[in-house]
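The chain contents come next:
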Amino acid sequence: GAVVSQHPSWVICKSGTSVKIECRSLDFQATTMFWYRQFPKQSLMLMATSNEGSKATYEQGVEKDKFLINHASLTLSTLTVTSAHPEDSSFYICSARDLQLGHTGNSPLHFGNGTRLTVT
Amino acid sequence: SQQGEEDPQALSIQEGENATMNCSYKTSINNLQWYRQNSGRGLVHLILIRSNEREKHSGRLRVTLDTSKKSSSLLITASRAADTASYFCATDADYKLSFGAGTTVTVRA
């Protein structure tokens with residue numbers, strides 16, 4: 001089955017530093033990847049849509065200069081939390097659709113296992 | 001943005017019993033999907049039902065969709081302890097998924 005690898009699974013960083021999270025589709029290609037944020041016991045909130053070879057599309061209220069997204073290839077998207085602060089502490093999850101199946105919709109998303117970010 | 005609302009928020013059942021959870025949404029959709037999330041993990045896709053379908057089965061899962069009422073239900077039959085997880089419905093419109101608040105299911109042995 002389609003596998004999405006997300007790394008790291010957890011990270012602790014000091015306030016003011018930047019953290020990069022990687023999301024890789026291991027056995028399929030994805031022109032589009034999605035980044036979500038999840039607070040404890042809450043739903044997933046879509047932060048941005050990452051498009052291979054072009055700029056990401058951010059949801060309303062998400063600071064694009066704070067959450068930098070790069071989608072350099074069909075199998076890799078990265079999210080960098082810049083100048084992290086304690087309020088950025090959260091669970092970040094990436095997902096992707098199989099290019100061959102997902103171009104017309106009606107296909108599931110494949111999720112990474114998430115990254116627990118703690119900013120001290 | 002979050003479109004779906006799920007009901008109930010939490011459900012506790014005995015092993016072997018059935019679990020039913022509902023999802024309501026607000027706008028037109030291409031399809032509706034259900035996912036499971038174990039604590040601290042990513043989401044696992046369970047089942048996808050297209051807007052022109054009314055019912056779908058996969059193993060012990062049964063999903064219904066009523067587009068006139070903008071609602072869906074997920075039934076897990078003969079529950080097992082391993083079914084303990086949070087379940088989310090997600091509506092697919094414009095190739096983006098919007099997730100509901102989720103139902104936390106606890107299956108007691």
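Residues numbered from 1 in each chain as written. Chains lettered and ligands numbered in written order. Predicted model: local features only at pLDDT ≥ 70, side-chain atom pairs only at ≥ 80, totals over all residues. Heavy atoms only, no water.

Chemist: How should the state of the cysteines be read in this particular structure?
Modeler: Cysteine pairs can be linked by a disulfide, which is a covalent bond between their two sulfur atoms. Residue and element names in this part refer to chain A. Following the criterion strictly, the structure yields two disulfides over all chains and no others. Paired through a disulfide, cysteine 23 and cysteine 94 show a sulfur-sulfur distance of 2.0 Å. On the sign convention where negative means left-handed, the S-S torsion of about 80 degrees between cysteine 23 and cysteine 94 marks this disulfide as right-handed. Within this pair, whereas cysteine 23 is found in strand E3 (residues 19-25), its partner cysteine 94 is found in strand E9 (residues 90-96), the two being separated by 71 residues in sequence. (Disulfide = S-S within 2.5 Å. Helix = DSSP H or I, 4+ residues; strand = E, 2+ residues; numbered from the N terminus.)

Chemist: I keep staring at the interface of chain A and chain B and nothing clicks. Help me out?
Modeler: By convention, interface size is frequently given as the accessible area that disappears when the constituent parts associate. Facing the 23 residues of chain A at the interface are 22 residues of chain B. Contact between chain A and chain B buries roughly 1,800 Å² in total, counting both sides, with carbon and sulfur atoms accounting for 51%. Its largest share of buried area at the contact with chain B, chain A owes to Ser43, Asn106 and Phe111 of chain A, together 29% of the area lost on that side. In this assembly, chain A and chain B are joined by two salt bridges. Between glutamate 59 of chain A and lysine 96 of chain B there is a salt bridge, and its shortest N-O distance comes to 2.9 Å. At the junction of chain A and chain B, the tally comes to eight residue pairs in polar contact (both at pLDDT 80 or more). For the side of chain A that touches chain B, the secondary-structure elements that each account for two or more residues are strand E4 (32-38), strand E5 (44-51) and E9 of chain A. Of the residues that constitute the side of chain A that touches chain B, the class distribution is ten nonpolar, eleven polar and two charged. (Contact = heavy atoms within 4.5 Å. Buried area = accessible area lost by both parts, 1.4 Å probe. Salt bridge = Lys/Arg side-chain N within 4 Å of Asp/Glu carboxyl O. Polar contact = N/O pair within 3.5 Å; in protein donor to acceptor, adjacent residues only side chain to side chain. Nonpolar A, V, L, I, M, F, W, Y, C, P; charged D, E, K, R; others polar.)

Read these as geometric descriptors, not functional statements.
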